[in-house]
Amino acid sequence: MHTHFPADRLLQHPTPCYYYDTALLDATLAEIDRCTRGEPHWHVHYAIKANANPAILRRIARAGLGADCVSGGEIEAAIAAGIPATRIVYAGVGKSDREIDLALRHSIACFNVESLEELQVINERAASLGTIAPVAFRINPNVDACTHAKITTGLSENKFGIDLGDTERAIRTAHSLAHIRYEGLHFHIGSQILTDAPFRRLCHRINELQERLERQGIRTPGINVGGGLGISYEHPDDESIPRFEPYFDTFRRHLALRPGQQLHFELGRSVVGQCGTLIARVLYVKQGTTRRFLILDAGMTELVRPAMYGARHAVQRIALPTDATPAADAPRCTYDVVGPVCESSDVFVKDQPLPPCRRGDLIAIRSAGAYGESMASTYNLRPLPPTIVQ
Ligand SMILES: *Cc1c(COP(=O)(O)O)cnc(C)c1O
């Protein structure tokens, strides 16, 4: 599917802004449904931290996905959008007492617990509220996701999760606590994973662990394999819907679920990444001694991924009704596309070929639906970007 940008409308709209293509979001959700419909024990939770825009969340809720939350604020946003608490799971290394109480009061489906100390605190909070907390343990499976260091989470030297070797101890402790119910095991190996191999290795690691636990008489009701499926940042139109079919097939083929065992997924980027575009205006075209800079009114405050992760987004000039030549025929110039923020890392891309640009032109920064708006900041006292949900 090709996202079409309504230039006339965008020219009237303040920039920078986020533009969301809901037809593409709906098509993406329909593809997830098609790939998982025949599996009554499978549950897909949307990782809200990727994008918590209320209009986007409501569409995801309507499609029947659950939510993966990492804060009390996200639990409240999920519920406000219409996601039932029974489909909400809650992860995070630093859950505060206030957030734990909030989750217990809403009776969420599961806490994904990241340490034994946290387990004790959840037990105490559940006791004081007269309830029982369902928990899964986030286990570090030691699987290298072969992705960016700042988004790799499944290796043992990491603040996340519990060491694979400590699994039995964690489960035994859970069984001994009066206000804890052991629900299962949780894994999340990283993000923007584009090959099958890391997910296959995760399946094999889980199979080994389950066999080890069963030899000791430990039964596990549910397995949560986290998220991490990547998207094509190079070809946002050709691969507008991520490759869900091979992704889900990997788990179907390689994960040995026990009869009645539930399987949970937590997809973030792959659900919303391609439906969002950051729209910017060209403020100035600055000719340096050797480089030509395209200075935009959007920067790292609206989209931090390039500055934070070294990420590269496709950058396009939006064709305008007043253009003399169609974009495909125009000669190309090479620009360093940069933002206005007072940081030298505020660069979207260097040496980007584009049709010749002038002040006032509209620029689309593609594949910005995930970890874009949700990570926007007010650094330099810049306002948060408005959104167009089309
Ligand atoms: C961020 C996160 C996800 C979603 O990751 P994506 O790469 O966006 O799919 C899933 N589970 C946990 C625990 C996370 O922290």
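Rules used throughout
- Residues numbered from 1 in each chain as written.
- Predicted model: local features only at pLDDT ≥ 70, side-chain atom pairs only at ≥ 80, totals over all residues.
- Heavy atoms only, no water.
- Phe/Tyr/Trp six-rings, centres within 6.5 Å; stacked < 30°, edge-to-face > 60°.
- Helix = DSSP H or I, 4+ residues; strand = E, 2+ residues; numbered from the N terminus.
- Buried < 20%, exposed > 50% of the residue type's maximum accessible area, 1.4 Å probe, protein only.
- Lys NZ or Arg CZ within 6 Å of the ring centre and 35° of its normal.
- Polar contact = N/O pair within 3.5 Å; in protein donor to acceptor, adjacent residues only side chain to side chain.
- Contact = heavy atoms within 4.5 Å.
- Near = heavy atom within 4 Å.
- Areas by Shrake-Rupley, 256 points an atom, 1.4 Å probe, with all protein chains shown as cover.
- Nonpolar A, V, L, I, M, F, W, Y, C, P; charged D, E, K, R; others polar.
- Domains from an automatic or database assignment.
- Buried area = accessible area lost by both parts, 1.4 Å probe.
- Salt bridge = Lys/Arg side-chain N within 4 Å of Asp/Glu carboxyl O.

## Regarding the packing of aromatic side chains
Phase 1 of the analysis: Enumeration over the complete set of coordinates arrives at 14 aromatic pairs.
Phase 2 of the analysis: Taking the centre distance of 6.3 Å and the plane angle of 25° together, the rings of Phe 137 and Tyr 182 count as stacked. With a gap of 45 residues between them, Phe 137 in strand E6 (residues 133-140) and Tyr 182 in strand E8 (residues 180-186) connect regions that are remote in the sequence.
Phase 3 of the analysis: A relative accessible area of 0% means that Phe 137 is categorised as buried.
Phase 4 of the analysis: Through a chain of ring-to-ring contacts, the aromatic side chains of Trp 42, Phe 199, Phe 244, Tyr 247, Phe 248, Phe 251 and Phe 265 assemble into a single cluster.
Phase 5 of the analysis: A cation over a ring is seen here: Lys 95 above Tyr 90, with NZ or CZ 5.3 Å from the ring centre.
Phase 6 of the analysis: Above the face of the Tyr 335 ring, Arg 292 is positioned so that its terminal group lies 5.8 Å from the ring centre.

## Overview of the side chain of Glu 118
Phase 1 of the analysis: One can find Glu 118 in helix H6 (residues 116-128).
Phase 2 of the analysis: Judged by relative accessible area, Glu 118 falls into the buried class, the value being 7%.
Phase 3 of the analysis: Among the polar contacts made by the side chain of Glu 118, one reaches the main-chain amide nitrogen of Glu 114 at a distance of 3.0 Å.
Phase 4 of the analysis: Beyond its immediate sequence surroundings of up to four residues, Glu 118 is in contact with Gly 92, Lys 95, Asn 112 and Val 113.

## Notes on the site of the ligand
Phase 1 of the analysis: As a matter of local geometry, the ligand sits amid 14 residues, with Lys 49, Ser 191, Glu 266, Arg 269 and Tyr 371 nearest to it.
Phase 2 of the analysis: Taking Ser 191, its side chain carries an N or O atom lying 2.3 Å from an oxygen atom of the ligand.
Phase 3 of the analysis: In this structure, Tyr 371 approaches the ligand through a side-chain N or O atom, which is 2.6 Å from an oxygen atom.
Phase 4 of the analysis: Considered on its own, the ligand offers 390 Å² of accessible surface; in the complex 94% of this is hidden by protein.
Phase 5 of the analysis: Along the lines of polarity and charge, the residues of the shell around the ligand split into 3 nonpolar, 6 polar and 5 charged.

## Looking at the domain arrangement of the protein
Phase 1 of the analysis: Per the domain assignment, the segments making up the protein are domain 1 (22-273) and domain 2 (274-389).
Phase 2 of the analysis: Computed over C-alpha atoms only, the centres of domain 1 and domain 2 are separated by 33 Å.
Phase 3 of the analysis: Across the boundary between the two partners, domain 1 contributes 24 residues, which contact 21 residues of domain 2.
Phase 4 of the analysis: It is Tyr 233, Pro 236 and Gly 273 in domain 1 that bury the most area against domain 2; as a group they hold 29% of the surface buried on that side.
Phase 5 of the analysis: The interface formed by domain 1 and domain 2 includes 1 salt bridge.
Phase 6 of the analysis: Linking Arg 366 and Asp 237 is a salt bridge whose minimum nitrogen-to-oxygen distance equals 3.0 Å.
Phase 7 of the analysis: Counting across the interface, domain 1 meets domain 2 through 14 residue pairs in polar contact (both at pLDDT 80 or more).
Phase 8 of the analysis: Where the side of domain 1 that touches domain 2 is concerned, the elements lending two or more residues are helix H2 (22-36), helix H3 (54-62) and helix H10 (269-272).
Phase 9 of the analysis: A total of 3 residues in the side of domain 1 that touches domain 2 trace back to one element, the largest contributor, which is H2.
Phase 10 of the analysis: For the side of domain 1 that touches domain 2, the per-class residue count stands at 11 nonpolar, 8 polar and 5 charged.

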